[in-house]
Amino acid sequence: NAGVIQTPRHKVTGKGQEATLWCEPISGHSAVFWYRQTIVQGLEFLTYFRNQAPIDDSGMPKERFSAQMPNQSHSTLKIQSTQPQDSAVYLCASSLPGLGYEQYFGPGTRLTVL
Amino acid sequence: GQGVEQPAKLMSVEGTFARVNCTYSTSGFNGLSWYQQREGQAPVFLSYVVLDGLKDSGHFSTFLSRSNGYSYLLLTELQIKDSASYLCAVRAGGYKVVFGSGTRLLVSP
């Protein structure tokens with residue numbers, strides 16, 4: 001069991017560029033969560049998929065952020081026209097169906113927007 | 001609004017205990033989880049409570065009072081390696097999980 005895999009581990013973009021972050025959940029986990037973590041805001045919920053379907057995206061900034069889960073083995077978080085305030089560690093987590101209280105987190109992608 | 005509050009820092013001594021407090025105010029409640037996060041690493045699940053009372057899991061125990069919107073994580077027989085941040089997470093209405101900002105525990109010799 002490789003755990004939740006996230007790539008890349010680090011990404012540096014220039015202001016206005018696009019960033020795509022990848023997540024591979026644990027096999028058999030049908031729930032996938034995306035979070036953003038900063039020192040100031042802590043861990044913030046972004047969006048949640050269940051069985052690949054988007055269920056709750058109430059934490060997503062509406063204009064530049066989007067997330068997809070085209071198949072059960074990976075999910076992507078795309079940020080268009082990145083801004084310095086998007087700099088954060090983006091964490092992906094997965095859980096077994098019905099057990100969203102026990103989430104397994106990936107190592108995160110540290111995004112730095114210059 | 002929805003809020004989960006934790007003290008920012010907590011200090012204790014090796015061999016003793018530490019209690020990490022969490023208070024919450026959410027529009028719904030479907031349970032509360034505790035996670036440990038070491039510097040530069042991802043959160044790791046520790047415990048989940050949904051019913052009132054104390055849940056003893058050995059080194060880590062958790063308490064919940066739903067009427068007071070309060071929980072704590074109790075660490076006993078502290079070791080230096082218990083120094084980490086401890087995050088409280090509340091499953092509010094629906095599927096959304098609201099995390100507290102975390103309590104950084106420092107265990108000294």
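Details of the structure are given in the entry above.
What you see is a predicted model, and the numbers here were worked out from it, not measured in a lab.

Caption draft 1: Summary view of the overall build of chain B. Summing up its helical and strand segments, chain B has 0 helices and 11 strands in all. From first element to last, N terminus to C terminus, chain B shows the α and β order β-β-β-β-β-β-β-β-β-β-β. For 109 residues, the compact-globule estimate of 2.2 N^0.38 gives 13 Å, and chain B sits close to it at 13 Å. Projected onto its principal axes, the C-alpha coordinates of chain B cover approximately 40 × 30 × 20 Å. Burial analysis of chain B (109 residues in total) assigns 49% to the buried set. Considering only contacts within chain B whose residues lie at least 6 apart along the sequence, 55% involve residues at least 24 apart. Carbon together with sulfur atoms contributes 52% to the accessible area of chain B, which is approximately 5,300 Å² in total. Mean positive and mean negative side-chain charge positions of chain B (9 and 7 charges, respectively) differ by 8 Å.

Caption draft 2: Molecular detail of the nonpolar core. Residue and element names in this part refer to chain B. Ranked by size, the top nonpolar core spans 20 residues in total, and within it Val4, Leu32, Trp34, Leu73, Leu75, Tyr86 and Leu105 carry the most contacts. Of all elements in the fold, only β3 (18-25), β4 (32-37), β7 (60-65), β8 (70-75), β9 (84-91) and β11 (103-108) reach the threshold of two or more residues within this core. With near-sequence residues (within four places) excluded, Tyr86 lies in contact with Gln6, Val20, Trp34, Tyr35, Gln36, Leu46, Phe60, Leu73, Leu75, Gly102, Thr103 and Leu105.

Caption draft 3: Layout of the state of the cysteines. Residue and element names in this part refer to chain A. This model, assessed by the stated rule, comprises 2 disulfides over all chains. One disulfide in the model links Cys23 with Cys92; its S-S distance is 1.9 Å. Between Cys23 and Cys92, the S-S dihedral sits near -60 degrees, and the bridge is therefore left-handed. Highlighted residues: Cys23 in strand β3 (residues 19-24) and Cys92 in strand β9 (residues 88-95), separated in sequence by 69 residues. Here Cys23 falls in the buried class, since its relative accessible area comes to 1%.

Caption draft 4: Structural context of the interface of chain A and chain B. Each side of the interface is counted separately: chain A has 18 residues, and chain B has 13 residues. Of the roughly 1,500 Å² buried where chain A meets chain B, counting both sides, 60% is carbon and sulfur surface. The tally of links from chain A across to chain B stands at 0 salt bridges. The interface formed by chain A and chain B contains 4 residue pairs in polar contact (both at pLDDT 80 or more).

Caption draft 5: Molecular detail of the sheet that holds β3 of chain A. Residues and elements named next belong to chain A. Pairing in this open sheet of 4 strands is antiparallel, and the strands run β1-β3-β8-β7 from one edge to the other. The open sheet terminates on both sides in strands that have one partner only, identified here as β1 (5-7) and β7 (65-71). Going from strand to strand, the sheet's axes swing by 20 degrees on average, the running direction of each strand aside. Looking at chain direction, β1 and β3 are connected through 3 bridges and run antiparallel. Counterpart to Thr7 in the pairing with β3 is Trp22.

Caption draft 6: Layout of unusual backbone geometry. Omega for the peptide link from Thr7 of chain A to Pro8 of chain A comes to -15 degrees, which places this bond in the cis form. Within the secondary structure layout, Pro8 of chain A lies in the loop between β1 and β2 (10-13).

Caption draft 7: Focus on the pairing of strand β8 (residues 74-79) of chain A. Residues and elements named next belong to chain A. With respect to burial, β8 is a largely interior element, 5 of its 6 residues being buried. Pairing of β3 with β8 involves 5 bridges; the strand directions are antiparallel. Paired with Ala19 across the two strands is Ile79, which belongs to β8. Relative to β8, β7 runs antiparallel, the two sharing 5 bridges. Within β8, the residue paired with Gln68 across the bridge is Thr76. Hairpin connection between β7 and β8: a loop of 2 residues separates the two successive antiparallel strands.

Caption draft 8: Expanded view of the sheet that holds β8 of chain B. Residues and elements named next belong to chain B. Across the sheet, which stays open at both edges, the 5 strands sit in the order β1-β3-β8-β7-β6 with antiparallel pairing between neighbours. The open sheet has two edge strands, β1 (3-5) and β6 (53-57), and neither has a second partner. Pairwise comparison of adjacent strand axes, ignoring direction, gives a mean angle of 15 degrees for this sheet.

What counts, and at which threshold
Residues numbered from 1 in each chain as written. Chains lettered and ligands numbered in written order. Predicted model: local features only at pLDDT ≥ 70, side-chain atom pairs only at ≥ 80, totals over all residues. Heavy atoms only, no water. Helix = DSSP H or I, 4+ residues; strand = E, 2+ residues; numbered from the N terminus. Rg over C-alpha atoms; globule rule 2.2 N^0.38 Å. Buried < 20%, exposed > 50% of the residue type's maximum accessible area, 1.4 Å probe, protein only. Contact = heavy atoms within 4.5 Å. Areas by Shrake-Rupley, 256 points an atom, 1.4 Å probe, with all protein chains shown as cover. Lys, Arg positive; Asp, Glu negative; His and termini not counted. Charge placed at Lys NZ, Arg CZ, Asp CG, Glu CD. Core = buried A, V, L, I, M, F, W, Y, C linked by side-chain atoms within 4.5 Å. Disulfide = S-S within 2.5 Å. Buried area = accessible area lost by both parts, 1.4 Å probe. Salt bridge = Lys/Arg side-chain N within 4 Å of Asp/Glu carboxyl O. Polar contact = N/O pair within 3.5 Å; in protein donor to acceptor, adjacent residues only side chain to side chain. Pairing = 2+ DSSP bridges. Axes fitted to C-alpha atoms, helices over the stretch in contact; angles between N-to-C directions.

None of this, on its own, says anything about what the molecule does.
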